[in-house]
Structure formats: C-alpha cells, structure tokens
Amino acid sequence: MKLLVTGGAGYVGSVCAARLLEAGHEVVVLDDLSTGHEDAVPAGARFIRGDIAEVIGDVLAEGFDGVLHFAAKSLVGESMQDPGKYWTGNVLTAIRLLDAMKEHGTPKLVFSSTAATYGEPREVPIPETAPTAPTNTYGATKLAIDHAITSYAAAHGLAATSLRYFNVAGAYGSIGERHATETHLIPLVLQVALGQREHISIYGEDWPTEDGTCVRDYIHVLDLADAHLLALENATAGEHRIYNLGNGTGFSVKQVIDTCREVTGHPIPAVVAPRRAGDPAVLVASAERARADLGWKPERADITGIVRDAWEFTRARHEA
Ligand code: UDP
C-alpha cells in the first residue's frame, strides 16, 4: 500500500513508519518538525515538511491507500494552560485531514487516540465500552476527533480505526523517545541514570494502590506499531473501530523506578513530591477486543525488556 504517515518524525510515528517499510509498504512522512526530528524519519520514506492543515489537500491529491495520523500536540499540562493550541492543532487539523481524505477518496485511516479519552476509570482493566470522560483538554481533543471519525466513516465510507494507547515506552534501535519537553516517567528516570538529573520525583505516595504510587500499563512501542499494521489490514469501509492497546498489566511508579535501577545499575535517588493534577490512580487496558478482532498479541510485555530497550537507546544517544 502507499501510505501517508503524519507525525512520522515523532516517537511512535517514526517507529511505525519503519515497520511499515519493513512490511513492504511505500511510506511518505508528513511532519512540520514542531516536536519531531528529521533524522528520526526512517531511510526509505519520502519526507515532506509541512503543516497538515495547509498542505494535506495537495499531498493526498497524488493518491494514497491510507493515512496513519500520529501528528498531534500531546502534553497534558500544556493542554490545560493553552487549550486553543490543542483544539486548533489537534481537532481542526484532523477535520482538514478528514475532508481532504473524502475529497481525494483516500480509503483507510488509522488514528492515534489515547487512554486519556476515558478519564478516571470506573472499572479496571478498562474496556472500550467504558464511559469517556476525559479529565484534561488533551484527552478531550482526541475524543472529539474520534467522534468526527465515526461520523465521516458512516457518511463517506471511510475504513477507520482509532487505537487508544496506554503508556508507550521502549525503543526500536536508534528510534526512541526524545522530547524537548520530557514529562514521561521512564525517560525521566533514565536521565537520572545518565547523570542529567539528580533525582526522580514520585508524584504522590498516598494513592489507593498497593505501594501508594500510581499504576500504569506500559506497552512496548514495537508492539504498538504492529497493532497499526493489523488495523490497516483489517479495516472495513464504512466502519470506525476503536481498540485499546496495552498489556493488561499495571506497574507502579516505584516498580518502574526499581526496574530502571536493576537495568542501569544506578541507584536512582527518588524524592516524593505532591500529586500531579489530572493523574488517575490506576490506568490499565483491557486489550481483549484487539486480541479477538485483530489477532494482536503483545510480544514484548516484560517491563524489564521495555526499560532495557529504552536504556540502550538513551545510552547510545548520550555516547554518540
Ligand atoms: N510520574 C512521576 N514522576 C515523574 C513523571 C511521571 O511520578 O517525573 C508518574 C505520573 O504521575 C504517572 C506515571 O508516572 O502516575 C506515568 O506518567 P507519564 O507522564 O509517564 O504517563 P501518563 O500516565 O501521564 O500518560
């Protein structure tokens, strides 16, 4: 297939682009490099630098079999302070994309949605049938896009899949997480191991969990990428399917830090800090629907392996 990967210079987008190329697809990456890195675009992909809202019509006019839409603003804190950036950057851009796909008859869409669409869960593990009540603007914009996709699929025959990611981690060789503003737990802990940060702050030790710290479902970025390929293969015209992607197992902040100590051999000092606004205590996915419909099975669920891949990537970049 000839596929357009928006945000293919970012973390998840670049890993997916690499896997699509390995699977024999033709890949074009569209990215404005606002947060991505041009050197993350895998060799073999054609790269177009541009703002989706401005160029998407011209790009899709050359004819594509599908779009994988990763490009987005994704910082929860920033989304609360500057919501307009998220409603414009995420929602308006997605509508421009959907309209251009309709105009040029692009048949398939895979969209990067998020567990943040659910908000504070009423049941854990979280199924796709759980109520959606996002607690932050980032999640609200992703949910709005999911709703838009549902109506475009029904009205215009789009074959669409939204994948709701839980906590993506790990790396694929030289492609990994390198955000200018890093807020995610594993890369921050690894910065301590590299000596770039004195300690890791634990955001709250008084949560209603076994060790008092928040529990999350960490999924390897390669397992996530594989789900995108399966979603493309299984998409049906006129249907919008939604799948949660996680391992179904939760790890606490303290367990993650302990794993990082074990993998890096560094003592990694940790300091308890106040809770972070908007954090639910426990977020764990039920990925049963993805298993049943797509035959998707995470192959790299072990947290030690996930941290090891992230550490190898981080250390190699540091030493380079
Ligand atoms: N966290 C933490 N210290 C940090 C960064 C994150 O204790 O410096 C916690 C955070 O409160 C959450 C978990 O680690 O419970 C995962 O946070 P992350 O930002 O990686 O992902 P999120 O679950 O917010 O998508």
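Being a predicted model, the structure only gives us computed values, none of them experimental. (Residues numbered from 1 in each chain as written. Predicted model: local features only at pLDDT ≥ 70, side-chain atom pairs only at ≥ 80, totals over all residues. Heavy atoms only, no water.)

*Asks:* Quick one: what's the story with the site of the ligand, residue by residue and with numbers?
*Replies:* As a matter of local geometry, the ligand sits amid 15 residues, with Leu185, Ser201, Arg216, Arg276 and Asp279 nearest to it. Within the backbone of Ser201, one N or O atom sits 2.6 Å away from a nitrogen atom of the ligand. Arg276 is positioned with one of its side-chain polar atoms (N or O) 2.7 Å from an oxygen atom of the ligand. Mapped by element, the contributors of at least two residues to the shell around the ligand are helix 6 (185–193) and strand 8 (200–203). Counting residues per element, the shell around the ligand draws most heavily on strand 8, which supplies 4 residues. Split by residue class, the shell around the ligand holds 8 nonpolar, 4 polar and 3 charged. (Near = heavy atom within 4 Å. Polar contact = N/O pair within 3.5 Å; in protein donor to acceptor, adjacent residues only side chain to side chain. Helix = DSSP H or I, 4+ residues; strand = E, 2+ residues; numbered from the N terminus. Nonpolar A, V, L, I, M, F, W, Y, C, P; charged D, E, K, R; others polar.)

*Asks:* Before we move on, can you summarise the layout of surface pockets with the specific residues and values?
*Replies:* A water-sized probe, rolled over the atoms, reveals where empty space remains. Put simply, the second largest pocket is a space of about 230 Å³. If you go around the second largest pocket, the residues you meet are Glu177, Arg178, His179, Glu182, Pro187, Gln191, Leu194, Gln196, Phe313, Thr314, Arg317 and His318. Sorting the residues of the lining of the second largest pocket by element identifies helix 6 and helix 10 (303–319) as the ones contributing at least two each. Ranked by the residues each element gives to the lining of the second largest pocket, the list is headed by helix 10, at 4 residues. Its residues placed into classes, the lining of the second largest pocket shows 3 nonpolar, 5 polar and 4 charged. (1 Å grid on protein atoms, 1.4 Å probe; cavity = no way out; pocket = protein on both sides within 12 Å on 5 of 7 lines; lining within 4 Å. Points joined across faces, edges and corners; volume = space filled by probe spheres on them.)

*Asks:* If you had to explain empty space enclosed by the protein to someone new, which residues and values would you point to?
*Replies:* Tallying each qualifying case throughout the model produces 1 cavity of 30 Å³ or more. Estimated volume of the largest cavity: approximately 70 Å³. Forming the boundary of the largest cavity are Tyr11, Ala169, Gly170, Ala171, Glu177, Ile186, Pro187, Leu190, Ala310, Phe313 and Thr314. Elements that contribute at least two residues to the lining of the largest cavity include exactly helix 6 and helix 10.

*Asks:* Describe the packing of aromatic side chains, and please don't skip the residues or the numbers.
*Replies:* One pass over the full model with this rule turns up 0 aromatic pairs. Here the guanidinium or amino end of Arg19 rests over the ring plane of Tyr172, the centre of that ring lying 5.3 Å away. (Phe/Tyr/Trp six-rings, centres within 6.5 Å; stacked < 30°, edge-to-face > 60°. Lys NZ or Arg CZ within 6 Å of the ring centre and 35° of its normal.)

*Asks:* Run through helix 1 (residues 11–22), naming residues and quoting values.
*Replies:* When the terminal C-alpha atoms of helix 1 are compared, their 17 Å separation across 12 residues agrees well with the 16 Å that a helix rising 1.5 Å per residue should span. Of all the 12 residues making up helix 1, 10 are buried; the element is thus mostly covered by neighbouring parts of the structure. Residues of helix 1 that are buried: Tyr11, Val12, Gly13, Ser14, Val15, Cys16, Ala17, Ala18, Arg19 and Leu20. Elements in contact with the buried residues of helix 1: strand 1 (2–6), strand 2 (26–31), strand 4 (66–69), strand 6 (159–165), strand 7 (167–169) and helix 7 (221–234). Looking at the residues trailing helix 1, positive phi occurs at Gly24, about 95°. (Expected span 1.5 Å × (residues − 1). Buried < 20%, exposed > 50% of the residue type's maximum accessible area, 1.4 Å probe, protein only. Contact = heavy atoms within 4.5 Å.)

*Asks:* For the packing of helix 8 (residues 253–264) against helix 10, give the residues involved together with the corresponding values.
*Replies:* Packed helices, taken two at a time, are described by the angle their axes make and the gap between the axes. At a closest axis distance of 9 Å, the pairing of helix 8 and helix 10 adopts a crossing angle of 60°. Accordingly, the angle class assigned to the pair helix 8 and helix 10 is oblique. Considering how the two elements wind past one another, helix 8 and helix 10 form a crossing that is right-handed. Residues Thr259, Cys260, Glu262, Val263 and Thr264 of helix 8 form the contact with helix 10, whose participating residues are Ile303, Thr304, Val307, Arg308 and Trp311. Here the residues of the contact of helix 8 with helix 10 are counted per class, giving 5 nonpolar, 3 polar and 2 charged. (Axes fitted to C-alpha atoms, helices over the stretch in contact; angles between N-to-C directions. Parallel < 35°, antiparallel > 145°, perpendicular 65-115°, else oblique. Left-handed = near helix turned anticlockwise from the far one by under 90°.)

*Asks:* Give a detailed account of the environment of Gly295, specifying residues and quantitative values.
*Replies:* The topology assignment puts Gly295 in the loop between helix 9 (288–294) and helix 10. Each C-alpha atom of the pair Gly295 and Ala231 lies 10.0 Å from the other, and the pair is 64 residues apart in sequence. The residues touching Gly295, leaving out its near neighbours within four places in the chain, are Leu230 and Ala290.

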